[in-house]
Amino acid sequence: MLKILFVVNNPDFFLSHRVKIALTAKEKGYDVHVATMQGESVKVIESLGLKHHVLMMSRSGTNPLSELKSLFSLYRLFKRVKPDLVHLVTIKPVLYGGIAARLARVPAVVYAISGLGFIFIRQKKGVDFLKGLIKYLYRIALGHTHSRVIFQNKDDCATLMQMGAIQSQQVVMIRGAGVDTEEFAPTPNEPSLPIKVTMVARLLKDKGVQEFVEAAKLDVEKKFVWQIAGGIDTGNPASITQAEFNNMQSYVNMLGERKDIAQLYAQSHIVVLPSYREGIPKSLLEAAASGKPIITTDVPGCRDAIIPNESGLLVPVKNALAIYEAVMYLAHRADLRLSMGKAGRALAEREFAMPIIIDKHLAVYQALLEK
């Protein structure tokens, strides 16, 4: 029985973005293992019949000794489990797991590039040594001779190609992690007024949380309900603080972590994500499947989740006024909201539906494992 090992730093992220791929691979006869950091969600992973291994890794740590320990622990894991293929998801598993897989001589590797991280967004004067190091690590990590690199958008692919980190024959384009089009489905009618403007994201500055709040402040007459679903991410350096969270509550309904996102979208009129850069944001795929018009930024990943002016509107990044004006534009055009919602739903069914995404991943596995 061929063995596949998923490596993801956060067990919650595995459950939200990759578990259905893993379970389908298991149904197809693969021996599926999962390596994540410790956490409450590990129990859920094990309850699904997936074999779990604890991953010794910090999500945002930069201590060189600790990072070397993470790399070595991955090497030991690969030598112990002896997978036929490893699927590396998120930045640190891709970088460290890619190097470890080469050292451990893992037969086949799949790298999932779901965004390049805040290092490629930030603007720093002078020489950015950390960005230089990350680029060097990408060139080493992605150099496995029998591998595929899955991208969610063309911009990330072009960036790594220009860096000399990948070859064209490695590239596979799969647009997002998929969406359950049965769970996220349009409602027959729009919810009652007032207009509800919803953002779903971790409360990170590079998700555009501050710009969303600034746009809400421009609604001085409070014509609309502005709300954000998402929690503070203490493990991420870009997270807002508790003090900032408390201040934002004066202008926006801060809903915290929500499990009922499908219901939340059903009760919304417009969905906004003003992120600075993404792979393809799952929240927008879910909004599209829910038949909601989308306002998002004209940046890699976000613009790939909509058909501009057909299923949503693009606004400049870091521009609260543009967000507010786009909300105003859609708020006064019910027919346009309806037509954009229908176009988004059709796009989700055509390109983002979970069965399509799963089949594309399994085809990648099969192609690598047959050689």
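Note: the structure precedes this text.
All figures in this text were calculated on a predicted structure; none of them were measured in a lab.

## Thoughts on helix H11 (residues 282–289)
And then number 1: Most of H11 is tucked away: eight of the eight residues are buried.
And then number 2: In this fold, the buried residues of H11 make contact with helix H1 (11–17), strand S8 (196–200), helix H10 (261–266), strand S11 (270–273), strand S12 (294–297) and helix H13 (334–352).
And then number 3: Positive phi shows up at Gly291, right after H11, with a value of about 75°.

## Some thoughts on the sheet that holds S8
Consider a sheet: its strands pair through backbone hydrogen bonds, and that pairing is either parallel or antiparallel.
And then number 1: Read from one edge to the other, the open sheet built from six strands follows the order S10-S9-S8-S11-S12-S13, with strand pairing classed as parallel. Across the chains shown, the open sheet's two edge strands, defined by having one partner strand only, are strand S10 (253–256) and strand S13 (312–315). If you compare each strand with its neighbour and ignore which way they point, the axes differ by 25° on average.
And then number 2: Direction of pairing for S12 relative to S13: parallel, over a ladder of four bridges.

## A few points about unusual backbone geometry
And then number 1: In this model, Leu193 is joined to Pro194 through a cis peptide bond whose omega is 10°.
And then number 2: The residue Pro194 is located in the loop between strand S7 (171–173) and S8 in this model.
And then number 3: With a phi close to 55°, Lys82 is a non-glycine residue in the positive phi region.
And then number 4: Assignment of secondary structure puts Lys82 in the loop between helix H4 (64–81) and strand S4 (85–89).
And then number 5: Accessibility expressed as a relative area gives 59% for Lys82, which makes it exposed.
And then number 6: The residue Asn309 is not glycine, and still its phi comes out positive at about 65°.
And then number 7: Relative to the elements of secondary structure, Asn309 occurs in the loop between S12 and S13.

## Observations regarding the packing of aromatic side chains
And then number 1: A complete count under the given rule lists four aromatic pairs for this structure.
And then number 2: Taking the centre distance of 6.4 Å and the plane angle of 80° together, the rings of Phe6 and Tyr365 count as edge-to-face. Taken together, the positions of Phe6 in strand S1 (residues 3–8) and Tyr365 in helix H14 (residues 354–370) put the pair 359 residues apart, joining distant regions of the chain. We note that Phe6, like Tyr365, is buried.
And then number 3: Seen in terms of ring centroids, Phe212 and Trp226 are 5.4 Å apart; in terms of plane orientation they differ by 70°. Their pairing is edge-to-face. A residue pair is termed long-range when its members are at least 10 positions apart, and Phe212 in helix H8 (residues 209–218) and Trp226 in strand S9 (residues 225–229) qualify at 14 residues. As far as the burial class goes, Phe212 and Trp226 line up, both buried.
And then number 4: By the ring-pair criterion, three or more aromatic residues cluster together here, those being Phe6, Phe14 and Tyr365.
And then number 5: Sitting over the face of the ring of Tyr251, Lys217 holds its NZ or CZ atom 4.7 Å from the ring centroid.

## Concerning the pattern of salt bridges
And then number 1: Applying the stated criterion across every chain, the model contains 18 salt bridges.
And then number 2: Ionic pairing is found between Lys51 and Asp31, a salt bridge with its closest N-O pair at 2.8 Å. Taken together, the positions of Lys51 in strand S3 (residues 51–54) and Asp31 in strand S2 (residues 31–36) put the pair 20 residues apart, joining distant regions of the chain.
And then number 3: Judged by relative accessible area, Lys51 falls into the partly exposed class, the value being 43%.
And then number 4: Ionic pairing is found between Lys223 and Glu221, a salt bridge with its closest N-O pair at 3.9 Å.
And then number 5: The partly exposed category is assigned to Lys223, whose relative accessible area is 42%.

## Thoughts on a nonpolar patch on the surface
And then number 1: Among the surface-exposed residues, Leu130, Leu133 and Tyr136 lie close enough to one another that they form a single nonpolar patch of about 280 Å² accessible area.
And then number 2: Its place among the elements puts Leu133 in helix H6 (residues 129–141).
And then number 3: The partly exposed category is assigned to Leu133, whose relative accessible area is 43%.

## Details of H6
Note that an α-helix has 3.6 residues per turn; residues three or four places apart therefore point the same way.
And then number 1: Taking 1.5 Å of rise per residue, 13 residues should cover 18 Å, and H6 covers 18 Å from first to last C-alpha, within 8% of that figure.
And then number 2: Within H6 the residues assigned to the buried category are Lys131, Ile134, Leu137, Tyr138 and Ala141. One side of H6 holds all its buried residues, which, seen down the axis, span an arc of 120°.
And then number 3: The secondary structure elements touched by the buried residues of H6 are helix H5 (91–103), strand S5 (108–113) and helix H7 (154–162).

Cut-offs and rules
Residues numbered from 1 in each chain as written. Predicted model: local features only at pLDDT ≥ 70, side-chain atom pairs only at ≥ 80, totals over all residues. Heavy atoms only, no water. Buried < 20%, exposed > 50% of the residue type's maximum accessible area, 1.4 Å probe, protein only. Helix = DSSP H or I, 4+ residues; strand = E, 2+ residues; numbered from the N terminus. Contact = heavy atoms within 4.5 Å. Pairing = 2+ DSSP bridges. Axes fitted to C-alpha atoms, helices over the stretch in contact; angles between N-to-C directions. Phe/Tyr/Trp six-rings, centres within 6.5 Å; stacked < 30°, edge-to-face > 60°. Lys NZ or Arg CZ within 6 Å of the ring centre and 35° of its normal. Salt bridge = Lys/Arg side-chain N within 4 Å of Asp/Glu carboxyl O. Patch = residues over 30% accessible without salt bridge, like charges linked within 9 Å, V, L, I, M, F, W, Y side chains within 5 Å. Areas by Shrake-Rupley, 256 points an atom, 1.4 Å probe, with all protein chains shown as cover. Expected span 1.5 Å × (residues − 1). Arc of directions from axis to C-beta.

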